[in-house]
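Notes for the structure review
Listed here are the chains, written in short residue letters.
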Amino acid sequence: LELCIGVRPQTLANTRLAIGIDVNCMTIEHFSGDVLVVTEVHGLARKIACCFATGVVLSHLLPGEQLYRPDLPFKLMFESFGVNMGLLKERVLLRDAVLVGAGGIANGFAWGLEELDVYGQLDLVDPKAVSPGNLNRCLLFTDRDVGENKAVALAQNMRCPNLLISPFAGEF
């Protein structure tokens, strides 16, 4: 498989998929000879598009009839999330906010949160330690975090400069 994002194919792979992205949507289709447009979009929209693109590509690569394989072309309309893309540029205040659990879902939340102008305070709570098995689904954990408390590791690895992140290594 060759995945072309804003460029022409570089190999003779049997399957060539093209991805295009703009402020309204992301499109994945079989490469037809035309390069799909890739424009600058908000970082959160880009990360959402990456997650969906990964799922679509994997569903077309992996064998098995149990997998849902969306038809191509696949279009992800950002407005379908119910978010006004213009609001993503606004400042977001977190106050009295607690994120219980610092595993896979919390890592995805934190990864997306990094794209917003967020300020205030976020408390993270998790009694467990990072294990090697967490690394395949926890985007902000690395090998050096194995054995560390999840809340502490996530707080250290989040990139939200205007947010006070307070980890708590215990039960909520």
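Predicted, not measured: the structure shown is a model, and the values here were computed from it. (Residues numbered from 1 in each chain as written. Predicted model: local features only at pLDDT ≥ 70, side-chain atom pairs only at ≥ 80, totals over all residues. Heavy atoms only, no water.)

Here we come to the packing of aromatic side chains. Across all of its chains, the model carries one aromatic pair by this definition. Here phenylalanine 52 and phenylalanine 74 contribute two aromatic rings whose centre-to-centre distance is 6.4 Å and whose plane-to-plane angle is 25°, an arrangement assigned as stacked. Highlighted residues: phenylalanine 52 in helix H1 (residues 43-61) and phenylalanine 74 in strand E4 (residues 74-77), separated in sequence by 22 residues. Exposure remark for phenylalanine 52: the relative accessible area of 34% places this residue in the partly exposed category. Residue phenylalanine 74 is classed as buried on the basis of its relative accessible area of 16%. (Phe/Tyr/Trp six-rings, centres within 6.5 Å; stacked < 30°, edge-to-face > 60°. Helix = DSSP H or I, 4+ residues; strand = E, 2+ residues; numbered from the N terminus. Buried < 20%, exposed > 50% of the residue type's maximum accessible area, 1.4 Å probe, protein only.)

Turning our eyes to something else, we now look at the sheet that holds E4. Spatially, the four strands line up as an open sheet ordered E1-E2-E3-E4, and their pairing is mixed. Single-partner strands in this sheet number two, and they are strand E1 (2-5) and E4. The sheet shows a mean angle of 15° between the axes of neighbouring strands, taken without regard to direction. Pairing geometry for strand E2 (residues 16-21) and strand E3 (residues 25-30), over five bridges, is antiparallel. Within E3, the residue paired with glycine 20 across the bridge is threonine 27. (Pairing = 2+ DSSP bridges. Axes fitted to C-alpha atoms, helices over the stretch in contact; angles between N-to-C directions.)

Attention shifts here to unusual backbone geometry. Across the junction of leucine 72 and proline 73, the peptide omega takes the value 5°, indicating a cis bond. With respect to the secondary-structure elements, proline 73 resides in the loop between H1 and E4. You will see that aspartate 96, though not glycine, has its phi angle at about 60°, which is positive. By the element assignment, aspartate 96 lies in strand E5 (residues 91-100). Taking relative accessible area as the criterion, aspartate 96 reaches 78% and is therefore assigned exposed.

Another aspect to go through is the pattern of salt bridges. According to the stated counting rule, one finds five salt bridges in the structure shown. A salt bridge links glutamate 114 to lysine 47; the shortest N-O distance between them is 3.6 Å. A residue pair is termed long-range when its members are at least 10 positions apart, and glutamate 114 in the loop between helix H2 (104-113) and strand E6 (117-125) and lysine 47 in helix H1 qualify at 67 residues. A residue is classified by how much of its surface remains accessible, and glutamate 114, at 13% relative accessible area, is buried. Given a relative accessible area of 11%, lysine 47 falls into the buried group. Between arginine 91 and aspartate 117 there is a salt bridge, with the nearest N and O atoms lying 3.2 Å from each other. (Salt bridge = Lys/Arg side-chain N within 4 Å of Asp/Glu carboxyl O.)

Here E4 shows a clear split, with Phe74 and Leu76 buried on one side and none of Lys75 and Met77 buried on the other. Pairing geometry for E3 and E4, over four bridges, is antiparallel. Paired with threonine 27 across the bridge in E4 is lysine 75.

One open sheet accounts for three strands, arranged E5-E6-E7; its pairing is parallel. Each end of this open sheet is capped by a strand with a single partner; those strands are E5 and strand E7 (163-168). On average, each strand axis in the sheet is tilted by 5° relative to the strand beside it, whichever way the strands run. Here E6 runs beside E7; their pairing, made up of six bridges, is parallel. Across the sheet, leucine 122 pairs through a bridge with isoleucine 165, a residue of E7. Here helix H3 (residues 150-157) sits on the sheet in contact with E6 and E7, set at roughly 165° to E7. (Contact = heavy atoms within 4.5 Å.)

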